Amino acid sequence: MTSESRGIDPAWPPGTVRIEGAFGSDQGSNIILQPKPSHDPNDPLNWSTWRKHLNFSLVSYYVIMVFALIDVATVTWGPVNAELGFSFEILNDSYAAGCGALCIGSVIIIPFALKYGRRPVYVFSTAFQCAISVWTARMMNVADLMLVNILSCVVGALAEVLVQMTVADIYFVHQRGLMNGIYVWIMTVGTSLSPLAGGYIVDSQGWRWVWWWMVILFGAGFVAFLFLYEETKFVATPTEQVPPSMSPEKAPNRKGNFEHHENVTKDEENPQEDSKIRVEPEIGYWIDPSIRKKTYLQRLALWTISPSSLANFARHSYEPFVMLFTIPAIFFMAVVYGAMTAAVTVTVTTLSSWMTIPPYNFTAAQIGLMGLPSFIGTSFGILLAGPLSDKLIVLLARRNNGIYEPKMRLWLSLAFKIFVPAGLIMFGVGLDRGLPWPVPAIGLGLASFGSTPPSSVSLTYLTDAYTDIVAGSLVGVTFIRNLISTVFVFALAPWIASSGLTGFYITFIVILTVILLGNILFLIYGKKLRVLGARRYLYFAGNQIDLRE
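These numbers were taken from a predicted model, which means no experiment stands behind them.

A. Representation of the environment of Ser374. Along the polypeptide, Ser374 turns up in helix H14 (residues 371-399). Exposure remark for Ser374: the relative accessible area of 7% places this residue in the buried category. Sequence spacing of Ser374 and Thr347 is 27 residues, and the spatial spacing of their C-alpha atoms is 9.9 Å. With residues near it in sequence (within four places) discarded, Ser374 still touches Thr188, Ser192, Leu444, Gly445 and Ser448.

B. Broad picture of unusual backbone geometry. Following Pro358, the chain continues into Pro359 via a peptide bond in cis, with omega recorded as 10°. With respect to the helices, strands and loops of the structure, Pro359 is situated in the loop between helix H12 (328-354) and helix H13 (364-369). Non-glycine residue Asn401 carries a positive phi angle of around 65°. On the secondary structure map, Asn401 appears in the loop between H14 and strand S4 (403-404).

C. Broad picture of the confidence of the model for the protein chain. Considering every residue of the protein chain, the mean pLDDT works out to 81; 84% of them sit at 70 or more. The secondary-structure element of the protein chain with the lowest mean pLDDT is strand S3 (residues 258-260), recorded at 35, while helix H8 (residues 208-228) shows the highest, at 95. Here residues 1-6 scores under 50 on pLDDT; set against residues more than four positions off or in separate chains, the count is ten contacts. Scored below 50 in pLDDT, residues 22-28 makes 15 contacts in the model with residues more than four places away or belonging to other chains.

D. Representation of the pattern of salt bridges. Evaluated as defined, the whole model comprises seven salt bridges. The partner of Arg118 in a salt bridge is Asp169, with the nearest N and O atoms 2.9 Å apart. Linking Arg118 in helix H4 (residues 118-137) with Asp169 in helix H6 (residues 158-170), this pair joins segments that are 51 residues apart in sequence. We note that Arg118, like Asp169, is buried.

E. Summary view of the packing of helix H1 (residues 49-71) against helix H7 (residues 173-205). It is at 8 Å that the axes of H1 and H7 come closest, and there the two elements cross at 35°. Pair H1 / H7 crosses with right-handed handedness. On H7, the residues that touch Phe56, Ser60, Val63, Ile64, Phe67, Ala68 and Asp71 of H1 are Met179, Ile182, Tyr183, Ile186, Met187, Val189, Gly190, Thr191, Ser194 and Pro195. A per-class count over the contact of H1 with H7 returns twelve nonpolar, four polar and one charged.

F. Representation of a nonpolar patch on the surface. Where nonpolar side chains cluster on the molecular surface, the patch consists of Leu517, Ile520, Leu521, Ile524, Tyr525, Leu529 and Leu532 and spans about 590 Å² of accessible area. Broken down by element, the residue count for the nonpolar patch peaks at six residues, all from helix H19 (residues 519-532). When you line up the elements, Ile524 lands in helix H19.

G. How the structure looks around the packing of aromatic side chains. Per the counting criterion, the structure on display carries 28 aromatic pairs. A ring pair is formed by Trp185 and Phe375, whose centres lie 5.9 Å apart and whose planes are at 40°; its orientation type is tilted. Of this pair, Trp185 sits in helix H7 while Phe375 sits in helix H14, and the two are 190 residues apart along the sequence. Each member of the aromatic cluster is reached from another via a ring pair, and the members are Phe427, Phe488, Trp495, Phe504, Tyr505 and Phe508. Positioned over the ring face of Tyr337 is Arg481, at 5.4 Å from the centre of the ring.

H. Inspection of helix H20 (residues 534-542) at higher detail. Taken together, the buried positions of H20 are Ala534, Tyr537, Leu538, Phe540 and Ala541. Burial along H20 is one-sided: seen end-on, the buried residues are contained in an arc of 165°.

I. Seen up close, the state of the cysteines. Tallied over the entire structure, the rule returns zero disulfides. The cysteine Cys153 is free of any disulfide, with Cys99 supplying the nearest cysteine sulfur at 6.7 Å. Accessibility expressed as a relative area gives 1% for Cys153, which makes it buried.

The rules we used
- Residues numbered from 1 in each chain as written.
- Predicted model: local features only at pLDDT ≥ 70, side-chain atom pairs only at ≥ 80, totals over all residues.
- Heavy atoms only, no water.
- Helix = DSSP H or I, 4+ residues; strand = E, 2+ residues; numbered from the N terminus.
- Buried < 20%, exposed > 50% of the residue type's maximum accessible area, 1.4 Å probe, protein only.
- Contact = heavy atoms within 4.5 Å.
- pLDDT = per-residue confidence, 0-100.
- Salt bridge = Lys/Arg side-chain N within 4 Å of Asp/Glu carboxyl O.
- Axes fitted to C-alpha atoms, helices over the stretch in contact; angles between N-to-C directions.
- Left-handed = near helix turned anticlockwise from the far one by under 90°.
- Nonpolar A, V, L, I, M, F, W, Y, C, P; charged D, E, K, R; others polar.
- Patch = residues over 30% accessible without salt bridge, like charges linked within 9 Å, V, L, I, M, F, W, Y side chains within 5 Å.
- Areas by Shrake-Rupley, 256 points an atom, 1.4 Å probe, with all protein chains shown as cover.
- Phe/Tyr/Trp six-rings, centres within 6.5 Å; stacked < 30°, edge-to-face > 60°.
- Lys NZ or Arg CZ within 6 Å of the ring centre and 35° of its normal.
- Arc of directions from axis to C-beta.
- Disulfide = S-S within 2.5 Å.

As structure tokens, this is what we get:
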């Protein structure tokens, strides 16, 4: 055993929690709430369901608009090429530059969300994207093209990391699979349906009006966030001891050592040794009536500042990369998420170039309609993957004496893996051979259907296994995700020129399949890796600005 893992109980590494039992249950069920909510009525975990869903709905609108801003541009390429003379290579490079900007955006901005809260970042970023949309509507040269893509994506990176922080702020472990599934679906609404709407706007009002509509919609979002979005970052009162989010049985003290809670018996030290685990009664879930609920104006305060030094604040710009390359699960889930995203971005850029030329000769509206297969495929994927993910972990936890392991979700990724290569081969070969448009359309739908569960599962795995460093870990995930997309989109044109469209997609499929099969390694060794890296995780968790403590 390494020095890092010495003193860590291998039965209870970070992420292993009891989610089924008789106490602390959710609305009369036998699901134990993880992380445990505090007794403060202002704790977002204690909010009523409608308050949680209202906040998540606003965040979902933000996600749709950000990804619409990024992806609706593809349907304007034809008329932009005709009016401003921008070549398709330059337009493709501007899209890739945006993907590259998504890599670094969260690195720059997420520390502000940790320091000052989620609310001001959502509010100011919505206003900024509105201004960027005005600039894009008035675009005249290549410099404008590159700058609006880069700046919108720097800020747009928040739609990938900040949303996961919000989910971790307000939802419990057994709810996150569904909510992350909804997030992936919402993201697809922005990427798939915005080109559909944009195509009809281009044909009826001209390409510049696509961006004026974005100004109107972002303006509406700004007003909604200003008056409706509540801060989800929770700062406990001095007298409030918030239970840890790691497990109900064991919690790390500030020195990184594990201590048993008094309600756990000796038999529970190794949950695999005894199928009849005994848990002593504990104090039930309750709200402290002495703590006053915040007023409407207090809930809409623009800032929620965490006390920390400047050095501690700056550290969150580079520490995510340390996490990324020292915690194997973070790196692997980032690669899975990035690969599944690339499966969508590569197909979008391919059809935007190839389907505007013979034998298809699609108009902007027809290019937009090709977003429907992706949307339908993702929707069916979410309808299955979201609820199935949460039901699966409850079932597997029940068979594991009520103990939940994050790796339990990975079975879902493997179950859907065949659809990604099958869909991409239909899409790529169909386009290359000029087959009727339903062939690549069906392929696109299948690929989207298959890529949705692995994307959702990878995000939820990190949220569950590394809850206390979710912000930092997702900065690294976003970096890798967009780096992969950037590499593939930049390399797309020369790669196709040298290997042909079919050759490119066959190689692409092999790469994605190998990555998906990597889930098997984490099913076998995932818990052991969490044990070996527990000390490192606790070190990073202890350095977070906004720990629930």
